[in-house]
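# A closer look at the structure
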Amino acid sequence: MEIVPSPDVIGAEIYGVDLAQPLPDAEFGRIEAAFNKHAVLCFRSQKVDEPQLIAFARRFGAVERIFLTHYAHPTYPEIMLVSNIKESGRDIGHADAGRVWHTDMSYTTRPPRATMLYALEVPAENGVVLGDTLFSSAADAHDSLGQERQQRIAKLRAIHQVAGRRARTGTGQEDQALRYQQPAVVHPVVRTHPHTGRKCLYVSKGESEGIEGMPQDEALGLIEELADHTVDPRFRHIHHWRVRDLLMWDNCAVQHLASHDYEWPKHRRLMHRITVGGTVPV
Ligand code: SIN
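This is a predicted model, so every value here is computed, not measured.

Our focus in this paragraph is the site of the ligand. The ligand sits among Val82, Ala97, Gly98, His102, Leu117, Thr133, Trp249, His256, Ala258, Arg269 and Arg273. The contact in question runs from an oxygen atom of the ligand to an N or O atom on the side chain of His102, over 3.4 Å. A distance of 3.1 Å separates an oxygen atom of the ligand from a polar side-chain atom of His256. Within the complex, 98% of the 260 Å² of free accessible area of the ligand lies under protein.

Structure follows, in structure tokens:
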């Protein structure tokens with residue numbers, strides 16, 4: 001197995017491993033260590049069916065239930081379809097996923113440790129691949145703040161609510177109804193990574209709606225400032241997709257954004273998505 005770090009502050013590609021086969025513990029240990037270190041891992045040219053994808057995800061922890069249930073895979077409800085493909089006029093999967101910088105499901109009490117996307121169809125035009133996914137290191141963003149700033153935000157707690165500002169980017173009626181069933185939750189503005197101990201900024205403009213005990217204007221200003229800082233280009237890594245890439249990311253260590261630079265019916269994009277359970281942010 002070969003682990004090739006990207007030139008960015010996060011991201012690595014792993015070669016010489018077949019995720020369709022059960023992984024010996026030692027090999028999995030190296031993958032998990034690489035995941036904690038690089039936060040975004042890409043395994044190229046994988047041929048994994050649904051049970052194999054679920055089995056690989058389970059090595060990292062319990063596989064989660066999908067909350068946007070109408071986008072679930074018809075046979076494997078652990079898998080959500082992320083896709084712009086329409087059948088009989090309806091989206092077969094979540095077509096709007098990731099339109100704003102965010103970290104997955106920060107609006108839940110126990111957000112997922114990891115998200116995996118497996119690429120079945122990737123859009124392209126004139127040989128140029130479309131639909132990149134962008135990542136940014138929340139740990140490096142925190143480290144780069146001055147000590148005084150770090151101390152000022154260290155004890156703050158932010159309110160996360162999916163039915164808030166991010167919901168305005170969703171289009172489907174069903175999405176909106178399910179989003180409004182999620183109550184607001186409160187998480188530290190600075191999270192300690194459960195595996196590396198690194199401090200990570202944990203607010204996004206999409207889902208953080210306020211800061212406990214802070215006037216709303218001031219809170220939104222601070223959220224905007226920290227969220228913009230988190231996704232500063234110097235902390236970023238861009239994934240250019242190829243069919244059969246299996247990409248996974250760490251929802252404490254990074255935020256991500258999907259570039260929706262493709263359109264139906266000219267382009268088709270289809271991904272299988274699965275999430276692995278995480279810990280309560282502290
Ligand atoms: C997501 O935000 O989970 C989707 C990312 C992507 O489709 O590129």
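With that out of the way, let us pick up the nonpolar core. Phe43 and Phe56 are the most contacted members of the largest nonpolar core, which has 27 residues in total. Looking at this core, the elements with two or more residues in it are strand S2 (12-15), helix H1 (25-38), strand S3 (40-43), helix H2 (50-58), strand S7 (114-121), strand S17 (246-250) and strand S19 (270-276). Contacts of Phe56, omitting those with residues within four sequence positions, involve Leu19, Leu23, Ile31, Phe43, Met116, Leu246 and Met248.

Moving on to helix H6 (residues 216-230). With 15 residues, H6 extends 21 Å between its outermost C-alpha atoms, agreeing within 8% with the 21 Å of an ideal straight helix rising 1.5 Å per residue. The set of residues buried in H6 consists of Ala219, Leu222, Ile223, Leu226, Ala227, His229 and Thr230. Within H6, the buried residues cover an arc of 160 degrees as seen down the axis, which keeps them to one side.

All right, on to the sheet that holds strand S18 (residues 254-258) then. With respect to topology, three strands assemble into an open sheet ordered S16-S10-S18, the strand pairing being antiparallel. Two strands bound the open sheet, and with one partner strand each, they are strand S16 (236-239) and S18. When strand polarity is set aside, the average angle formed by the axes of neighbouring strands in this sheet is 20 degrees. One ladder, built from four bridges, connects strand S10 (residues 133-137) with S16; its direction is antiparallel. Residue pairing in the sheet places Thr133 in a bridge with His239 of S16.

Turning to the packing of aromatic side chains, a few remarks are in order. Enumeration over the complete set of coordinates arrives at five aromatic pairs. Ring centres of Phe43 and Phe56 lie 5.6 Å apart, and the angle between their planes is 85 degrees; this geometry places the pair in the edge-to-face category. Here Phe43 is found in strand S3, whereas its partner Phe56 is found in helix H2, with 13 residues between them in sequence. We classify Phe43 as buried; its relative accessible area is 0%. Classification of Phe56 as buried rests on a relative accessible area of 3%. Look at Phe135 and Trp249: their rings are 5.2 Å apart centre to centre, the planes differ by 55 degrees, and that puts the pair in the tilted class.

Here we take up the side chain of His160. With respect to the helices and strands, the residue His160 is situated in strand S11 (residues 157-160). In this structure His160 comes out as buried when scored by relative accessible area, which is 0%. Within polar-contact distance, the side chain of His160 engages the side chain of Ser106 at 2.9 Å. The contacts of His160, once residues within four sequence positions are left out, are Ser106, Tyr107, Ala184, Val185, His187, Tyr202, Glu207 and Ser208.

This next bit is on the sheet that holds strand S12 (residues 185-188). Pairing in this open sheet of three strands is antiparallel, and the strands run S12-S11-S15 from one edge to the other. Every other strand in the sheet has two partners, leaving S12 and strand S15 (208-211) as the edge strands with one partner each. Each neighbouring strand pair of the sheet contributes to a mean axis angle of 35 degrees, computed without reference to strand direction. Pairing geometry for S11 and S15, over three bridges, is antiparallel. Paired with Ala158 across the bridge in S15 is Ile211.

Reading the values: the criteria
Residues numbered from 1 in each chain as written. Predicted model: local features only at pLDDT ≥ 70, side-chain atom pairs only at ≥ 80, totals over all residues. Heavy atoms only, no water. Near = heavy atom within 4 Å. Polar contact = N/O pair within 3.5 Å; in protein donor to acceptor, adjacent residues only side chain to side chain. Areas by Shrake-Rupley, 256 points an atom, 1.4 Å probe, with all protein chains shown as cover. Core = buried A, V, L, I, M, F, W, Y, C linked by side-chain atoms within 4.5 Å. Buried < 20%, exposed > 50% of the residue type's maximum accessible area, 1.4 Å probe, protein only. Helix = DSSP H or I, 4+ residues; strand = E, 2+ residues; numbered from the N terminus. Contact = heavy atoms within 4.5 Å. Expected span 1.5 Å × (residues − 1). Arc of directions from axis to C-beta. Pairing = 2+ DSSP bridges. Axes fitted to C-alpha atoms, helices over the stretch in contact; angles between N-to-C directions. Phe/Tyr/Trp six-rings, centres within 6.5 Å; stacked < 30°, edge-to-face > 60°.

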